[in-house]
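# Examination of the molecular architecture
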Amino acid sequence: MYRNANRKAAFRGRGTRLAVIGGASTGAALLSTLALSAGAAQADASTLAQIKQAGVITVGVAVDPPFVLQTASGQFYSFNPTLANDFAKYLGVKAKFVATTGTAMVAGLQAGQYDLLGSSVSATAARKKAINFTLPYAYGGNSWIVLKSSSFTTLGSLNNSSTTIAATANTFQSEATTTYMPKATLRSIPNASYSSLISEISAGYSQAISIPSFIAPAIVQKFPTMKSIPAGDKGV
């Protein structure tokens, strides 16, 4: 979860989280204490009181497999929506889900479009400047997917000026790519799904894609012509 940037002490660590806000603030996961975004004037207790009075906590969610999935009828389910519903029950209110996107979700939280950001969020350096995080509920690394037939075998082999690597914009995957492969060209794609990232490779727009490490084994299993660097689900 996110908390006000000047209240970090209990909210450090790198991993996947949710976010919570008060008023026009930014926020993350399911805690008994709500949080404000940097610069917000309201107190946490006041924000919580407002939500309880309304009887509803609005939760911004973006599809993010496997943490957030959506049915054909538009219903959100999986780990994060369940967590949000449990948090709402703890507060004695109902959860109302509001669809957002990976690119717009933090801005929407800061603009007061919802009280809680119920999508998993990586604690990137840029995001830490604007919002604070709760303790993480999942840890993971980063992996890169390439064609098996390619000559890429190590992180170092991807780090050259002739390599284009696709990643979802404004994510840890983008940040990891510029950190580990500064010589490569980053193709940053807003709100990219895993299927659209795979298409980057098959269409020849990119030679590699950057993804969360826990997703890599599933992609390699589904697409046998591809491999993960590094192999396995640990990543870097």
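In case you missed it, the structure is sitting above this.
Throughout what follows, the structure given in this document is the object of discussion. Just so you know, these numbers come straight off a predicted model, no measurement behind them. The residue count restarts for each chain, going from 1 along the sequence in the order it is written. Per-residue local features of the predicted model are confined to residues with pLDDT of at least 70, and side-chain atom pairs are confined, for both listing and counting, to 80 or more; whole-chain, interface and lining totals are unaffected and use all residues. The side-chain values count all of the structure's non-hydrogen atoms but skip hydrogen atoms and water molecules.

Turning our eyes to something else, we now look at the overall build of the protein. Looking only at helices and strands, the protein has eight helices and eleven strands in total. For the exposure calls, accessible area comes from a 1.4 Å probe over protein chains only, and a residue counts as buried if that area is under 20% of its type's maximum, exposed if over 50%, partly exposed in between. Expressed as a percentage of the 236 residues in the protein, the buried residues total 47%. Any two residues whose heavy atoms approach within 4.5 Å are treated as being in contact. Look at the contacts in the protein between residues 6 or more apart in sequence, and 63% of them connect residues 24 or more apart. Summed over all atoms, the accessible surface of the protein reaches about 10,800 Å², with 55% contributed by carbon and sulfur. Helix and strand definitions here come from DSSP, where helices need a minimum of 4 consecutive H or I residues and strands a minimum of 2 consecutive E residues; each element is numbered from the N-terminal end. What sets the accessible areas is the Shrake-Rupley method with a 1.4 Å probe; for residues, cover comes only from the shown protein chains.

For the rest of this paragraph, the subject is the packing of aromatic side chains. For Phe, Tyr and Trp, rings pair up if their centres lie within 6.5 Å, where Trp contributes its six-membered ring, and each pair is then called stacked (planes under 30 degrees apart), edge-to-face (over 60) or tilted (otherwise). For the structure shown, the criterion picks out four aromatic pairs. Summarising the aromatic geometry, the rings of Phe67 and Phe214 are spaced 5.5 Å apart at their centres and angled 85° between planes, so their arrangement reads as edge-to-face. With Phe67 in the loop between β2 (56-61) and β3 (69-70) and Phe214 in the loop between β10 (208-212) and α8 (216-222), this residue pair connects regions lying 147 residues apart in the sequence. Relative to Tyr180, the ring of Trp144 has its centre 5.9 Å away and its plane inclined at 70°; by these criteria the two rings are edge-to-face.

In summary, soluble globular proteins display a tendency toward joint burial of nonpolar side chains. In plain words, nonpolar cores are sets of buried Ala, Val, Leu, Ile, Met, Phe, Trp, Tyr and Cys residues tied together by side-chain atoms within 4.5 Å. The biggest cluster of nonpolar side chains holds 15 residues, and the ones touching the most others in it are Ile57, Val59, Val61, Val68, Leu91, Val93 and Leu116. Only α1 (44-54), β2 and α2 (79-91) provide two or more residues apiece to this core. Top element by residues in this core is α2. It accounts for four residues. Ala166, Ile189, Leu197 and Ile198 belong to the second-largest nonpolar core, a separate cluster that totals 13 residues.

Two strands are counted as paired when DSSP detects at least two bridges linking them. Pairing within the open sheet is mixed, and its five strands lie in the order β9-β8-β10-β7-β11. The sheet is open, and its two edges are formed by β9 (185-189) and β11 (226-229), each paired on a single side. Put simply, the sheet's adjacent strands are angled 30° from each other on average, direction ignored. Angles here are taken between N-to-C directions and fall from 0 to 180 degrees, while the axes themselves are lines fitted to C-alpha atoms, restricted in helices to the stretch in contact. Across the sheet, helix α7 (residues 194-202) touches β7 (142-147), β8 (164-168), β9, β10 and β11, and the angle it forms with β10 is around 155°.

Here α2 is 13 residues long and its end C-alpha atoms lie 19 Å apart, about the 18 Å a rise of 1.5 Å per residue gives. Residues of α2 that are buried: Asn80, Pro81, Ala84, Phe87, Ala88 and Leu91. Buried residues of α2, seen end-on, are gathered within an arc of 120° and therefore sit on one face of the element. Exposed residues lying more than 90 degrees from the buried face of α2 are Lys89 and Tyr90. The length a helix should cover is 1.5 Å for every residue beyond the first. As used here, the arc is the angular range of directions from the helix axis to the C-beta atoms.

Right, let's get into the environment of Pro217. Examined against the element boundaries, Pro217 turns out to sit in helix α8. In contact with Pro217, not counting residues within four places along its chain, are Gly232 and Asp233.

Honestly, that's just the spatial picture; any functional story needs more than this.
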